[in-house]
Amino acid sequence: MFIGIQLLLLFTSITTNPMRSTKCLFSSKQTLFNFTDSTSSVNDWIEISDTERDVGKSKGVFVEQKTQQFQRAIFFSLLNPQPNGAGFVGIAYRNKSFDLSSFTGLQLSVRAQGENFIYKVILRHHNEESSLQPSYEIFFELPKNELTEQYLPFNDFKPYSRGKSLDPNTTPPLDQTDITSIGLQIVGGVYLPIKQHGTSSLEIDSIIAVKCE
């Protein structure tokens, strides 16, 4: 509860209600990733974690879970931040450009377990993959061990560079007609009032672009 209150105060300007899992009542949708489909694959996803920097010690793995009755993808993370909270574990898909201009946001069907429950989605456009170029991000907190439909409005994604927020008045807006990177990340909290560390998992059934009513 204390963590939720802190984040709510911190991100009032970022999301309308970042602490609440919401299910969008949508009029149209486009499935971007359906990991419950037997033809789906995680092979085109890449890890982007803090080991790309000299002091990084964290690790992420994105795998398929297949049983006789179902399948999904799982994002495993080992978060080993610096004492100030600097550290992150992430994955990203960069093999296709998505035109999501007809939709109002993303809906994730996920379940979080482990030690950490605060994640973020990171979007990039125009193949701008350098950490020095703006990314567009949204934080959200998931309930523990509960399958959740989490709606993330595009209007609530804000520009960042290397974890620091940028002035939206001087930064180009996200171009929804050319989304070239979709990523998930869990962070240590270097610029946040909360800190995270340890092992976690995020089970993912699907990521869908939706138009909410």
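Every residue gets a number counted from 1 within its own chain, in the order that chain's sequence is written. Note on the predicted model: pLDDT of at least 70 is required for a residue's local features to be given, and 80 or more for side-chain atom pairs to be given and counted; whole-chain, interface and lining totals, by contrast, use all residues. Working from all heavy atoms in the structure, the side-chain values ignore hydrogens and water.

Q: Would you mind going over the overall build of the protein chain with me for this structure?
A: Helix and strand definitions here come from DSSP, where helices need a minimum of 4 consecutive H or I residues and strands a minimum of 2 consecutive E residues; each element is numbered from the N-terminal end. In terms of helices and strands, the protein chain carries one helix and 13 strands. Ordered by position from the N terminus, the helices and strands of the protein chain form the series α-β-β-β-β-β-β-β-β-β-β-β-β-β. A contact between two residues is defined here by any heavy atoms of the two lying within 4.5 Å. Taking contacts inside the protein chain between residues at least 6 apart in sequence as the whole, the part at least 24 apart equals 75%.

Q: Can you walk me through the packing of aromatic side chains in this structure?
A: Ring pairs (aromatic) are described by centroid distance and by the angle formed between their planes. Each aromatic pair joins two rings of Phe, Tyr and Trp (for Trp, the six-membered one) with centres within 6.5 Å, and gets the label stacked for planes under 30 degrees apart, edge-to-face for over 60, and tilted for any other angle. Scanning the model with the defined rule gives 13 aromatic pairs in all. The interplanar angle of 40° and the centroid separation of 6.0 Å between the aromatic rings of Phe154 and Phe157 together place this pair among those described as tilted. Each residue in the set Phe33, Phe35, Trp45, Phe62, Tyr93 and Phe98 is aromatic and connected to the rest through ring pairs, giving one cluster.

Q: Is there a simple way to think about the pattern of salt bridges in this case?
A: Side chains bearing opposite charge may pair, as long as their charged atoms lie close to each other. Note on definitions: salt bridges are taken to be side-chain nitrogens of Lys or Arg within 4 Å of carboxyl oxygens of Asp or Glu. Inspection of every chain in the model, using the stated rule, returns seven salt bridges. Notably, a salt bridge pairs Lys66 with Glu64, separated by 3.9 Å at the nearest N-O pair. The closest approach of N and O atoms between Arg94 and Glu129, which form a salt bridge, is 3.4 Å. A residue pair is termed long-range when its members are at least 10 positions apart, and Arg94 in the loop between β5 (88-93) and β6 (105-114) and Glu129 in the loop between β7 (118-125) and β8 (135-141) qualify at 35 residues. A single salt-bridge network, built from bridges that share partners, covers Arg72, Arg111, Glu203 and Asp205.

Q: Sorry, what's going on with the environment of Arg53 here?
A: Assignment of secondary structure puts Arg53 in the loop between β2 (45-47) and β3 (59-66). Spatially, the C-alpha atoms of Arg53 and Gly87 are 9.6 Å apart, while their sequence positions differ by 34 residues.

Q: Teacher, can you tell me more about the sheet that holds β7 here?
A: Strand-to-strand pairing in sheets goes through backbone hydrogen bonds, with the strands running parallel or antiparallel. Taken together, the seven strands give an open sheet; going across it, the order is β2-β5-β12-β7-β8-β10-β11, and neighbouring strands pair in antiparallel fashion. Strands at the two margins of the open sheet, each flanked by one partner only, are β2 and β11 (164-165). Note: two strands are recorded as paired if DSSP finds a minimum of 2 bridges between them. Note that β5 and strand β12 (residues 179-187) share six bridges and pair antiparallel. Within β12, the position partnered with Val89 by the bridge is Ile186.

Q: What is the right way to read the layout of surface pockets from this model?
A: If you roll a probe as big as a water molecule over the atoms, it shows you where there is empty space left. Grid spacing is 1 Å over the protein atoms alone, the probe is 1.4 Å, and a cavity is where that probe fits but cannot get out, while a pocket is an open set with protein on both sides within 12 Å along at least five of seven lines and lining residues have an atom within 4 Å of a point. Grid points are joined across faces, edges and corners, and a volume is the space filled by probe spheres set on the points. Of the voids in this model, the largest pocket is the one considered here, and its volume is about 770 Å³. Looking at the largest pocket, it is lined by 41 residues, and the ones nearest its centre are Phe88, Lys120, Arg162, Gly163 and Gln185. The set of elements that each furnish at least two residues to the lining of the largest pocket consists of β5, β7, β8, β11 and β12.

Q: Would you explain the confidence of the model for the protein chain in this entry?
A: Low pLDDT marks regions whose predicted coordinates should not be analysed in detail. Of all residues in the protein chain, 89% attain a pLDDT of 70 or more, and the chain-wide mean is 89. This model gives residues 1-21 a pLDDT under 50, and the stretch forms 37 contacts once residues within four places in sequence are excluded. How sure the predictor is of each residue is captured by pLDDT, a score from 0 to 100.

Q: Teacher, can you tell me more about unusual backbone geometry here?
A: Glycine aside, residues mostly have negative phi, and peptide bonds are mostly found in the trans state. Its identity as a non-glycine residue notwithstanding, Asn127 has a phi of 60°, on the positive side. Phi is positive for Asn145, close to 55°, though the residue is something other than glycine. Tracing the backbone through its elements, the reader meets Asn145 in the loop between β8 and β9 (148-153).

Q: What is the right way to read the pairing of strand β4 (residues 71-79) from this model?
A: Successive residues of a regular strand alternate their side chains across the two faces of the sheet. With a 1.4 Å probe rolled over the protein chains alone, any residue whose accessible area is under 20% of its type maximum counts as buried; one over 50% counts as exposed, and the rest are partly exposed. Along β4, seven of the nine residues are buried, which leaves the element largely enclosed by surrounding structure. Hairpin connection from β3 to β4: four residues lie between these consecutive antiparallel strands. The sheet contact formed by β4 and strand β13 (residues 198-212) spans seven bridges and is antiparallel. Following the sheet pairing, Ser77 is matched in β13 by Ser200.

Q: Explain the pairing of β9 here, please?
A: Of all the six residues making up β9, five are buried; the element is thus mostly covered by neighbouring parts of the structure. Examined bridge by bridge, β6 and β9 share six bridges and lie antiparallel to one another. Counterpart to Val110 in the pairing with β9 is Thr148.

Q: I would appreciate a short explanation of the environment of Asp205 in the present structure.
A: Topologically, Asp205 is positioned in strand β13. Taking the C-alpha atoms as reference points, Asp205 and Asn34, 171 residues apart in sequence, are found 6.2 Å from one another. Asp205 has contacts with Phe33, Asn34, Phe35, Thr36, Arg72, Ser109 and Leu147, leaving out every residue within four places of it along the chain.

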